[in-house]
Structure formats: structure tokens, C-alpha cells
Amino acid sequence: MNTRKVVFLFYTTFLIGTIAGSLMGFVLDWRTHLNDLMNVQFGGIAMVVITASIWTVIAQMGFFAYLTIHRFGLGIFKSVKLWSRVQIVLIGFALFDLMFFRHMAFAEEGQGMLGFAVMPLLLLGYGLIVAYFKSKDTHWLAFIPTLFFIVVVTMVEWIPALRENDMTFLLTSIVPLLVANTWQVLVLHRLHEPESKPAEEKGQKKGKTTKNKSANHKKAQPST
């Protein structure tokens, strides 16, 4: 993957994540922002856009960090299947921790742990959908790494918001993170496709055309 493709991935991810996060922030408090627009005040909307862009940059850093960790994992365990099993275990621990520690930190007296299982299950469900499409476009071995990235890496990136028990903050942070991470993981394999392929195909077609012309020319010559 050359520099131009890396720049394309960076800017497209930044734009998509920032737009998605800004829309979520606007929707959650649309009356206030609409009043600001009518009064020609853009401070609140500017803060929403800046916040969304910050979360998107965090998602980009997490993505490149995971690519490095993934290579280290393959090198340490020397097997794709073994590394995938390790990632499955880590996914289970991460989902349990998201439920358990949030229950410890924010549960009211007498409140059970079941209500805190909704968030991990939703994140897992979304990760399974993204992993399905990734493996469908590439290979079934990409299913577990994609699921690990969407669930565990996104959760690590989400920690600053998870420390607060504020649903608005949680939503305005998770949307740009998930949108940016989904875009990055689904578009990465397309950027690895070689650009020289069309030129090679043209060369092959040109060679076939030349052979056909020479064959037709020989047929057209009178026999002696």
C-alpha cells in the first residue's frame, strides 16, 4: 500500500467519522443547536464537530496500533488459528469486563448486572455483522481479527467515555469510533489490491490481439 492510499484512508476516515459523530451530537441536542443557528451562533456546533473529530483521530490511532499488534501476535504464536483462539478469549474477557466493572462503578443499590449486559451484547452484535461482511469480501480467517478489532479495540478507545455514566457522552463518542473503525477495516483490503492489474490485463489482451492478427495474416497468404 503506497503513500497515496494511506493518505486516502486517513482523510476519508476522518471525514466519515467526523460527519457521523457531528450528526449524532446534533440530533441528541437538536433544539439547542437549531436555536444557535437561528441566532447565528456557531460555538456549540463547532464544539460538536471538534469533539467528533477527536474521537475519529483516536479511532485512527487505534487502527494502526492494532495492525502492529496483529503482526506481533502472528509472529509470537506462529499460527493464524492459535492467534485467532487467543483473540476469542480476549473478546470474552473484554465483554465481561465491560459489564462487570460498569456494574461495580455505576450500579445503584439492588440493581442487578443484567441491565449492564445490554451494551456489551450490542457491541458484540455489531462486531459480528461487520466481521461477516469482512470475511465475505476476503477470507473466513478475517472474521475473528475483525471481530476483535471492532469489539476490543473500540472498547479500549471508548474508555474515556466509559468512565462517565452519561448516555449522551457515550453515544457521541461511540458513533464516530464505530463508523471510523468499520470504514477502516472494510476498506483496507481494497487498498491492498495492486494497481498494475489493469495494465497487465491490457498487456495480455494486446498480446492476444497481436497473435490473432498474425494468425489471420498467415491464413490470408496464398498457399504455394
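Residues numbered from 1 in each chain as written. Predicted model: local features only at pLDDT ≥ 70, side-chain atom pairs only at ≥ 80, totals over all residues. Heavy atoms only, no water.

Remarks on the side chain of Thr56
- Checked against the element boundaries, Thr56 lands in helix 3 (residues 43–77).
- Ignoring any residue separated from it by four or fewer positions in sequence, one finds Thr56 in contact with Thr13, Phe14, Gly17, Thr18, Pro176 and Ala180. (Helix = DSSP H or I, 4+ residues; strand = E, 2+ residues; numbered from the N terminus. Contact = heavy atoms within 4.5 Å.)

So, the layout of surface pockets
- Here the largest pocket defines a volume of roughly 570 Å³.
- His70, Arg71, Lys134, Ala142 and Leu188 are the residues nearest the centre of the largest pocket, which is lined by 21 residues in total.
- If one sorts the elements of the lining of the largest pocket by residue count, helix 3 sits on top with 6 residues.
- When its residues are assigned to classes, the lining of the largest pocket shows 13 nonpolar, 6 polar and 2 charged. (1 Å grid on protein atoms, 1.4 Å probe; cavity = no way out; pocket = protein on both sides within 12 Å on 5 of 7 lines; lining within 4 Å. Points joined across faces, edges and corners; volume = space filled by probe spheres on them. Nonpolar A, V, L, I, M, F, W, Y, C, P; charged D, E, K, R; others polar.)

Considering the confidence of the model for the chain
- Summarising the model, the chain shows a mean pLDDT of 85, and 85% of its residues fall at 70 or more.
- Across the chain, the secondary-structure element scoring lowest on mean pLDDT is helix 9 (residues 197–220), at 49, and the one scoring highest is helix 6 (residues 143–157), at 96.
- Overall, residues 197–202 carries pLDDT values under 50, and its contacts beyond four positions in sequence, including any with other chains, amount to 0 contacts.
- For residues 217–224, every residue scores under 50 in pLDDT, and the model assigns this stretch 0 contacts once sequence neighbours within four places are set aside. (pLDDT = per-residue confidence, 0-100.)

Side note on the environment of Met155
- Summarising the element assignment, Met155 is placed in helix 6.
- Not counting residues up to four positions away in its chain, the partners in contact with Met155 are Ala94, Leu95, Leu98, Leu123 and Leu162.

Structural notes on the side chain of His189
- With respect to the helices and strands, the residue His189 is situated in helix 8 (residues 167–191).
- A relative accessible area of 16% places His189 in the buried class.
- Here the side chain of His189 touches Leu186 through a polar contact of 3.2 Å, landing on its backbone oxygen.
- Among residues more than four places away in sequence, those in contact with His189 are Lys134, Asp137 and Thr138. (Buried < 20%, exposed > 50% of the residue type's maximum accessible area, 1.4 Å probe, protein only. Polar contact = N/O pair within 3.5 Å; in protein donor to acceptor, adjacent residues only side chain to side chain.)

Quick notes on helix 1 (residues 3–28)
- Here helix 1 contains 26 residues, and its C-alpha end-to-end distance of 38 Å stays within 8% of the 38 Å for a straight helix at 1.5 Å per residue.
- Listed in full, the buried residues belonging to helix 1 are Lys5, Leu9, Thr12, Thr13, Gly17, Thr18, Ala20, Gly21, Ser22 and Gly25.
- Considering only its buried residues, helix 1 is in contact with helix 2 (30–38), helix 3 and helix 8. (Expected span 1.5 Å × (residues − 1).)

What about unusual backbone geometry?
- Phi is positive for Lys78, which is not a glycine, with a value near 60°.
- Relative to the helices and strands, Lys78 is located in the loop between helix 3 and helix 4 (80–106).
- Owing to a relative accessible area of 70%, Lys78 belongs among the exposed residues under this scheme.

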